[in-house]
Amino acid sequence: MFAVYAESFHPEDPLRGLVVGERPAPVAPEGWTTVTVRAASLNHHDLWTLRGVGIKQERLPMILGCDAAGLDEDGNEVIVHAVISDPDWDGDETLDPRRSLLTEVHQGTFAEQVVVPRRNVVAKPAGLSFVEAACLPTAWLTAYRMLFTQGGLKAGDTVLVQGAGGGVATALVVLARAAGLRVVATSRDEAKLARALELGAHEAYPSGTRLPAKVDAVMETVGRATWEHSIRSLRPGGKLVISGATSGPRLDDALLPQIFFKQMSVIGSTMGNRAELGSLVTMLDATGARPLVDRELPMERAREAFEAMAAGDLFGKIVLTR
Ligand SMILES: NC(=O)c1ccc[n+]([C@@H]2O[C@H](COP(=O)([O-])OP(=O)(O)OC[C@H]3O[C@@H](n4cnc5c(N)ncnc54)[C@H](OP(=O)(O)O)[C@@H]3O)[C@@H](O)[C@H]2O)c1
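These numbers come from a predicted model, not from an experiment.

A. Layout of the site of the ligand. Within the structure, the ligand sits among 26 residues, and His-44, Gly-163, Gly-166, Ser-187 and Met-271 are positioned closest to it. Within the complex, 88% of the 920 Å² of free accessible area of the ligand lies under protein. Counting only elements with at least two residues in the shell around the ligand, the list comes to helix 1 (44-51), helix 3 (136-150) and helix 4 (167-178). In terms of residue class, the shell around the ligand is built from nine nonpolar, 15 polar and two charged.

B. Structural context of the environment of Leu-153. Looking at the secondary structure, you find Leu-153 in the loop between helix 3 and strand 11 (158-161). Owing to a relative accessible area of 10%, Leu-153 belongs among the buried residues under this scheme. In the structure, Leu-153 is positioned 85 residues away from Gly-238 in sequence and 11 Å away in space, judged by C-alpha atoms. Contacts of Leu-153, omitting those with residues within four sequence positions, involve Leu-147, Phe-148, Val-159, Leu-181, Ala-217 and Met-219.

C. Spatial organisation of the sheet that holds strand 2 (residues 18-22). One open sheet accounts for three strands, arranged 2-1-4; its pairing is antiparallel. Of all strands in the sheet, those bounded by a partner on one side alone are strand 2 and strand 4 (62-63). Alignment of strand 1 (residues 2-6) against strand 4, held across two bridges, turns out to be antiparallel. Within the sheet, the bridge partner assigned to Ala-6 lies in strand 4 and is Met-62.

D. How the structure looks around a nonpolar patch on the surface. Where nonpolar side chains cluster on the molecular surface, the patch consists of Leu-256, Phe-260 and Phe-261 and spans about 390 Å² of accessible area. On the secondary structure map, Phe-260 appears in helix 7 (residues 256-261).

E. Just the environment of Ser-129, in detail. Along the chain, Ser-129 falls in the loop between strand 10 (121-123) and helix 2 (130-133). Each C-alpha atom, one on Ser-129 and one on Ile-84, is 24 Å from the other, the two residues being 45 residues apart in sequence.

F. Representation of unusual backbone geometry within the structure. The omega torsion across Leu-60 and Pro-61 is -5°, close enough to zero to call that bond cis. Structurally, Pro-61 is set in the loop between helix 1 and strand 4. Positioned with a positive phi, Thr-103 is a non-glycine residue whose angle comes to about 90°. Among the secondary structure elements, Thr-103 is positioned in the loop between strand 8 (100-101) and strand 9 (113-117). Here Thr-103 falls in the buried class, since its relative accessible area comes to 0%. Phi is positive for Gln-263, close to 55°, though the residue is something other than glycine. Relative to the assigned elements, Gln-263 resides in the loop between helix 7 and strand 16 (265-268).

G. Broad picture of the sheet that holds strand 14 (residues 215-220). Reading across the sheet, the six strands line up as 13-12-11-14-15-16 and stay open at both edges, with parallel pairing between neighbours. This sheet does not close on itself; its edge strands, each paired only once, are strand 13 (203-206) and strand 16. Strand after strand, the sheet turns through a mean of 20° between neighbouring axes, direction not considered. In terms of strand pairing, strand 11 meets strand 12 (residues 182-187) through four bridges, oriented parallel. Across the sheet, the residue bridging to Val-159 is Val-183, located in strand 12. This element, helix 4, spans strand 11, strand 12 and strand 14 of the sheet and lies at about 165° to strand 11.

About the thresholds
Residues numbered from 1 in each chain as written. Predicted model: local features only at pLDDT ≥ 70, side-chain atom pairs only at ≥ 80, totals over all residues. Heavy atoms only, no water. Near = heavy atom within 4 Å. Areas by Shrake-Rupley, 256 points an atom, 1.4 Å probe, with all protein chains shown as cover. Helix = DSSP H or I, 4+ residues; strand = E, 2+ residues; numbered from the N terminus. Nonpolar A, V, L, I, M, F, W, Y, C, P; charged D, E, K, R; others polar. Buried < 20%, exposed > 50% of the residue type's maximum accessible area, 1.4 Å probe, protein only. Contact = heavy atoms within 4.5 Å. Pairing = 2+ DSSP bridges. Patch = residues over 30% accessible without salt bridge, like charges linked within 9 Å, V, L, I, M, F, W, Y side chains within 5 Å. Salt bridge = Lys/Arg side-chain N within 4 Å of Asp/Glu carboxyl O. Axes fitted to C-alpha atoms, helices over the stretch in contact; angles between N-to-C directions.

Pasting the structure below:
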């Protein structure tokens, strides 16, 4: 079948190992189901995979893509939940030490078909298009858990979102605004600041700018480049929720004294569970908020999509369609 996959890892030049070609069609094991993919969105995770981060050499070749919306074996419209937990695990699947994300162990969604455990498909509401639904399982679910589960944020709180142009970051801005928070965003790019304001941010500043007032919480996915600014922008007792480190994991100065003297919390967050995916879908249905799609491309043009993401030339999600 048609598939977009990683053939080899190249930490400095990730697109070298990307192949748009053919792979054997998957066979669903007992308890799993086959989903025919209609739309699948690109995540920074796919670039990490091409760099060899979070995946072992012996898993290659690996079909890329964590997210999908499509049709199940009975023709129902479904969304694929990307966190695969151990069959015996019955708690929050993001806490299962044996969990994996699609493309880490099991083949991904940039293909005609993907197989997943039956409990990993949730119904797609008619009000969401396949393209919109394909944005949810990774970036939007991550944003939902960061804000509402790990951050415990509620209407009236103020949140800072770093790196406003990204897939997770645009989701954070839209969801926070829809939930009645005051939203402050930063970006390296002036045009992206203007777009963040259109999207729902109340204030937007160039990355690193001293904010006029401290915030209740910061949502971090950028890492090294914004960490100091995140700590300096938090009020005493505030929460920094981190789910990614796009600009690098090592810090020059973690500002540890600020963290303990001001009694801040630093909270890790990863993906979300099936129940949170259900709540996210309900929230979108109830508020009318929708994922921001930067561009839609046929899956055959996946290389263009990866080039745009590698260059940071995006605002919102890039979705590949079939
Ligand atoms: N833990 C999880 O479950 C989970 C889930 C999803 C994503 N993630 C991680 O979260 C990160 C973001 O993912 P994504 O898919 O949203 O990526 P993306 O769409 O490629 O966005 C990357 C973002 O990083 C910002 N950025 C990059 N380099 C920067 C720098 N040097 N200085 C300031 N900002 C910089 C960009 O903001 P501007 O261009 O606006 O400045 C952009 O918002 C990735 O590292 C990903 O692996 C983790």
